[in-house]
Amino acid sequence: MATITASQAASARAGSKPARRVGSSGRLVSYLQATPLALILGGFLLLPILMIGVVSFWDYDFAAMYPDFVTFNYTETLGSWVTWKTYLNTLKFAFLVWAITLFVGFWVAYFLAFHVRSAAMQMVLFLLCTVPFLTSNIIRMISWIPVLGRNGLINSGLINTGIVSEPVEWLLYSDFAVVLAMVHLYTLFMVTPIFNTLMRIDRTLLEAARDAGASSWQTLVNVVLPLAKPGMAIGTIFVVTLVMADFSTVQVMSGGQSASVALMMKNQMSLLQYPAAAANAVVLLVLVLLMVAGILRIVDIRKEL
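Residues numbered from 1 in each chain as written. Predicted model: local features only at pLDDT ≥ 70, side-chain atom pairs only at ≥ 80, totals over all residues. Heavy atoms only, no water.

Asks: What exactly am I supposed to notice about the pattern of salt bridges here?
Replies: It is possible for side chains of opposite charge to pair when their charged atoms get near one another. Summed over all chains, the structure comprises two salt bridges. Of the charged contacts, one joins Lys 92 and Asp 175 as a salt bridge, the two residues approaching to 2.7 Å between their closest N and O atoms. With a gap of 83 residues between them, Lys 92 in helix H4 (residues 81-115) and Asp 175 in helix H9 (residues 175-199) connect regions that are remote in the sequence. Residue Arg 150 is joined to Glu 169 by a salt bridge in which the shortest nitrogen-to-oxygen separation is 1.9 Å. With Arg 150 in the loop between helix H7 (145-148) and helix H8 (153-160) and Glu 169 in the loop between H8 and H9, this pair connects stretches of sequence that are 19 residues apart. (Salt bridge = Lys/Arg side-chain N within 4 Å of Asp/Glu carboxyl O. Helix = DSSP H or I, 4+ residues; strand = E, 2+ residues; numbered from the N terminus.)

Asks: Just checking my understanding: could you explain the environment of Pro 193 for this structure?
Replies: On the secondary structure map, Pro 193 appears in helix H9. Note: C-alpha distance between Pro 193 and Gly 105 (88 residues apart in sequence) is 9.4 Å. Beyond its immediate stretch of four places on either side in the chain, Pro 193 contacts Leu 188, Gly 231, Ile 234 and Gly 235. (Contact = heavy atoms within 4.5 Å.)

Asks: Would you explain the UniProt feature "domain: ABC transmembrane type-1" (unreviewed entry) in the chain in this entry?
Replies: The residues that UniProt annotates with the feature "domain: ABC transmembrane type-1" (unreviewed entry) are residues 87-295. For residues 87-295, the end-to-end C-alpha separation is 20 Å, with 77% helix and 0% strand making up the annotated structure. (UniProt positions renumbered as here; feature names shortened; annotations may be inferred.)

Asks: Please explain the environment of Tyr 60 as it appears in this structure.
Replies: With respect to the element layout, Tyr 60 can be found in strand S1 (residues 59-60). With relative accessibility at 18%, the residue Tyr 60 sits in the buried group. For the pair Tyr 60 and Arg 140, spaced 80 residues apart in sequence, the C-alpha separation works out to 38 Å. If sequence neighbours within four positions are ignored, Tyr 60 has contacts with Met 65, Tyr 66, Phe 72, Asn 73, Glu 76, Gln 273, Pro 275 and Ala 276. (Buried < 20%, exposed > 50% of the residue type's maximum accessible area, 1.4 Å probe, protein only.)

Asks: How should I be thinking about the packing of aromatic side chains in this particular structure?
Replies: In this description, a pair of aromatic rings is defined by centroid distance and the angle of the planes. Considering all chains together, one arrives at 12 aromatic pairs under this definition. Seen from their ring centres, Phe 57 and Phe 69 are 4.8 Å apart, and the 15 degrees between their planes marks the pair as stacked. One end of the pair, Phe 57, is in the loop between helix H2 (24-55) and S1; the other, Phe 69, is in the loop between strand S2 (65-66) and helix H3 (72-79), with 12 residues separating them in the sequence. Using a relative accessible area of 24% as the deciding quantity, one classes Phe 57 as partly exposed. Between Phe 95 and Trp 98, the aromatic rings sit 5.9 Å apart at their centres with planes inclined by 40 degrees, giving tilted as the arrangement. In this pair, Phe 95 and Trp 98 are both assigned in helix H4, three residues apart and thus about one turn of the helix distant. Grouped by ring-pair contacts, the aromatic residues Phe 106, Trp 107, Tyr 110 and Phe 114 constitute a single cluster. (Phe/Tyr/Trp six-rings, centres within 6.5 Å; stacked < 30°, edge-to-face > 60°.)

As structure tokens, then:
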């Protein structure tokens, strides 16, 4: 029978000892460290959401709100075909902007991560992408009007070259203009997380794929895209939530000919219909949270956080 040395016996006894429990003082310190963040999140996030939920059940008229518990705000919101069309129109904007920004954002990030060899040049090009964000969203949005207008640059160029005989009307004050402006405003929110994900990919994986005989397209589909999913999921969350909450772009670029849920809430608040707007806000929040939950069920983004 094999003999057990004294050192082995000591190590076995040490390994069998239970882990030391954290004392009450250690738990108190942890709670104190978490208190400032809890107060900030509670005061500036949870409390406003709770107040919106409470106000959504209040009664109101043309002059004031009355604390009550009524459900007709939700009945009017969910029972109106006009409201459903507005929600569908908002989802249409979210889908189109998401698809375009995902396509453009991925290829921009892919170029910066894999085709720009110098880290300094990568940083310079990435900063160039952020230059438009030094100006206001409203200014960047309005800047499209002289480009897309009836007498704008595009229509003038089309008429001067003889491609069209009269100005193209649907370039401005249409759903096309709304989607174009939103893509311009929110593409960087897709580029940044995808670029961050692509920069974390181990380059030896790409070399191994090429050594195994994979083409550039096969490497992209089978290696790069699966590893880039967390960044694409984070960018999707950013873009979808921003589009769903945008009202100024829809109002200005559609010329009042289109609608979104956020614009509908803005109009309700301008008419002092705060409980109705709060009910729409709750429904929109639930819809966005369901979409985010669906994304998180498909893609694990914890490795990016």
